Amino acid sequence: MLTVTITTAERVVYESTHALSITIPTVNGEITILPNHIDLMTIVGIGEALIKDEKGTTNLYVDGGLLQVNKNSVEILTNTAERAEDLDQAKIEEAKRRAEKLLTEKPIDVDLVQVEASLRKELTKQKILTKYRPR
């Protein structure tokens, strides 16, 4: 079994001492950590984290940070982590509209690279929401 903790600056988003595996995006691609994984430290990417335990699978949106594996302990310190069931469709749609508007208008006082990154994050959230939310 794995002990998994996912923490943001504000709170602990996920904590379990009985995880069977965790699949998470990193800057070098997606990885899956199983019990007895080698020690590892890497940078978390943007995307979906899947944590399997005895009760099922927990799905989260994660956005950057650090992941450390030490024996059977997985610590993730991330900028943002939201459970799939907590994602808000209305907020995602509004953030997408704002980003798309800025990308269309291209004002000179706005960092368009940041706007594009924000749009990618919202599209990733929407994908996770669509995948796991009942219709």
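What comes next concerns the included structure. (Residues numbered from 1 in each chain as written. Predicted model: local features only at pLDDT ≥ 70, side-chain atom pairs only at ≥ 80, totals over all residues. Heavy atoms only, no water.)

In terms of helices and strands, the protein chain carries 2 helices and 7 strands. Mapped from its N terminus to its C terminus, the protein chain presents α and β elements in the order β-β-β-β-β-β-β-α-α. Dimensions of the protein chain, computed from the C-alpha atoms along their principal axes, are close to 50 × 35 × 25 Å. Looking at the protein chain as a whole, 40% of its 135 residues qualify as buried. Accessible surface, the protein chain: about 8100 Å² in total, of which carbon and sulfur atoms supply 52%. A gap of 4 Å separates the mean positions of the 18 positive and 21 negative side-chain charges of the protein chain. (Helix = DSSP H or I, 4+ residues; strand = E, 2+ residues; numbered from the N terminus. Buried < 20%, exposed > 50% of the residue type's maximum accessible area, 1.4 Å probe, protein only. Areas by Shrake-Rupley, 256 points an atom, 1.4 Å probe, with all protein chains shown as cover. Lys, Arg positive; Asp, Glu negative; His and termini not counted. Charge placed at Lys NZ, Arg CZ, Asp CG, Glu CD.)

Take unusual backbone geometry next. Phi at K71 is positive, roughly 60°, even though this residue is not glycine. When you line up the elements, K71 lands in the loop between β6 (56-70) and β7 (73-83). Taking the relative accessible area as the measure of exposure, K71 reaches 63% and is therefore exposed.

These figures capture arrangement, not role.
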